[in-house]
Amino acid sequence: MLSSVKIPIFCLGAMLIWSTASPASAEEWQRPTAHGGEISRSVSKDGNVYTGSTTRTGPNGGTYTSSSKCIAGVVDRCARSYSGTGPNGQTFSGKRVSAGGVFRGRSAGSFTGPNGNTVHGFRRWRR
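What counts, and at which threshold
- Residues numbered from 1 in each chain as written.
- Predicted model: local features only at pLDDT ≥ 70, side-chain atom pairs only at ≥ 80, totals over all residues.
- Heavy atoms only, no water.
- Helix = DSSP H or I, 4+ residues; strand = E, 2+ residues; numbered from the N terminus.
- Buried < 20%, exposed > 50% of the residue type's maximum accessible area, 1.4 Å probe, protein only.
- Areas by Shrake-Rupley, 256 points an atom, 1.4 Å probe, with all protein chains shown as cover.
- Disulfide = S-S within 2.5 Å.
- Pairing = 2+ DSSP bridges.
- Patch = residues over 30% accessible without salt bridge, like charges linked within 9 Å, V, L, I, M, F, W, Y side chains within 5 Å.
- Salt bridge = Lys/Arg side-chain N within 4 Å of Asp/Glu carboxyl O.
- Lys, Arg positive; Asp, Glu negative; His and termini not counted.
- Charge placed at Lys NZ, Arg CZ, Asp CG, Glu CD.
- Contact = heavy atoms within 4.5 Å.

Asker: Describe the overall build of the chain, naming the residues involved and giving the relevant values.
Answerer: Counting its secondary structure elements, the chain contains 1 helix and 8 strands. Overall, the chain shows an N-to-C arrangement of helices and strands of α-β-β-β-β-β-β-β-β. Across the 127 residues that make up the chain, the buried fraction comes to 13%. As displayed, the chain has an accessible area near 9,600 Å², and 58% of this comes from carbon and sulfur atoms.

In structure tokens:
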């Protein structure tokens, strides 16, 4: 017979096994924006790995695309890249990586503008 202490431990173990054995989940949606454009998003989860992408089209022909991948754990790590084209054909792109723990985190990234110049940045923070 299970004692009153063993029942919560048993339930916690069953939830842990179920969460690791569950199949990958995904969600997608698309909607119009307030000023005539359109945005679509896709997010999926496989274990502790999350991936996502966003595409936005403006009413004047500009586009923006972003994709990211995050790994959850004691230290959460994310990588994101994005690019876009303005209505006049000018392009930009960038990427950012970050890692955050319980007490502090850091991120680094770069941005390349329409004129081809690239700017790099680094940031640390404490919680």
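What follows continues from the structure just given.
Asker: So, the state of the cysteines: which residues are in play, and what are the values?
Answerer: Considering all chains together, one arrives at 1 disulfide under this definition. Paired through a disulfide, Cys70 and Cys78 show a sulfur-sulfur distance of 2.1 Å. Taking the sign of the torsion about the S-S bond as the criterion, the disulfide between Cys70 and Cys78, at about 115°, is right-handed. With relative accessibility at 21%, the residue Cys70 sits in the partly exposed group.

Asker: Please provide a residue-by-residue account of the pairing of strand S4 (residues 63-71), values included.
Answerer: In regular strands, side chains alternate between the two faces of the sheet. One ladder, built from 9 bridges, connects strand S3 (residues 49-57) with S4; its direction is antiparallel. Among the inter-strand pairings, Thr57 is bridged to a residue of S4, identified as Thr63. Looking at chain direction, S4 and strand S5 (residues 76-85) are connected through 9 bridges and run antiparallel. Its bridge partner lying in S5, Ser66 is registered against Tyr82. Between the antiparallel neighbours S4 and S5 lie 4 residues.

Asker: Account for a positive patch on the surface, naming residues and giving values.
Answerer: The grouping of Arg104, Arg106, Arg124 and Arg126 at the surface amounts to a positive patch. Contributions of two or more residues to the positive patch are made by strand S7 (104-112) and strand S8 (118-126). For Arg104, a relative accessible area of 53% corresponds to the exposed category.

Asker: An account of the environment of Phe92 is needed here, citing residue identities and associated values.
Answerer: Structurally, the position occupied by Phe92 is in strand S6 (residues 91-100). C-alpha of Phe92 to C-alpha of Asn115: the two residues are 23 residues apart in sequence and 8.6 Å apart in space. Setting aside residues up to four positions removed in sequence, Phe92 forms contacts with Tyr64, Tyr82, Ser83, Gly84, Thr85, Phe111, Thr112 and Gly113.

Asker: Can you break down the side chain of Ser110 residue by residue, with the values?
Answerer: Here Ser110 lies in strand S7. We classify Ser110 as buried; its relative accessible area is 14%. Those residues in contact with Ser110 that sit more than four places away from it in its chain are Tyr82, Ser93, Gly94, Lys95, Thr118, Val119 and His120.

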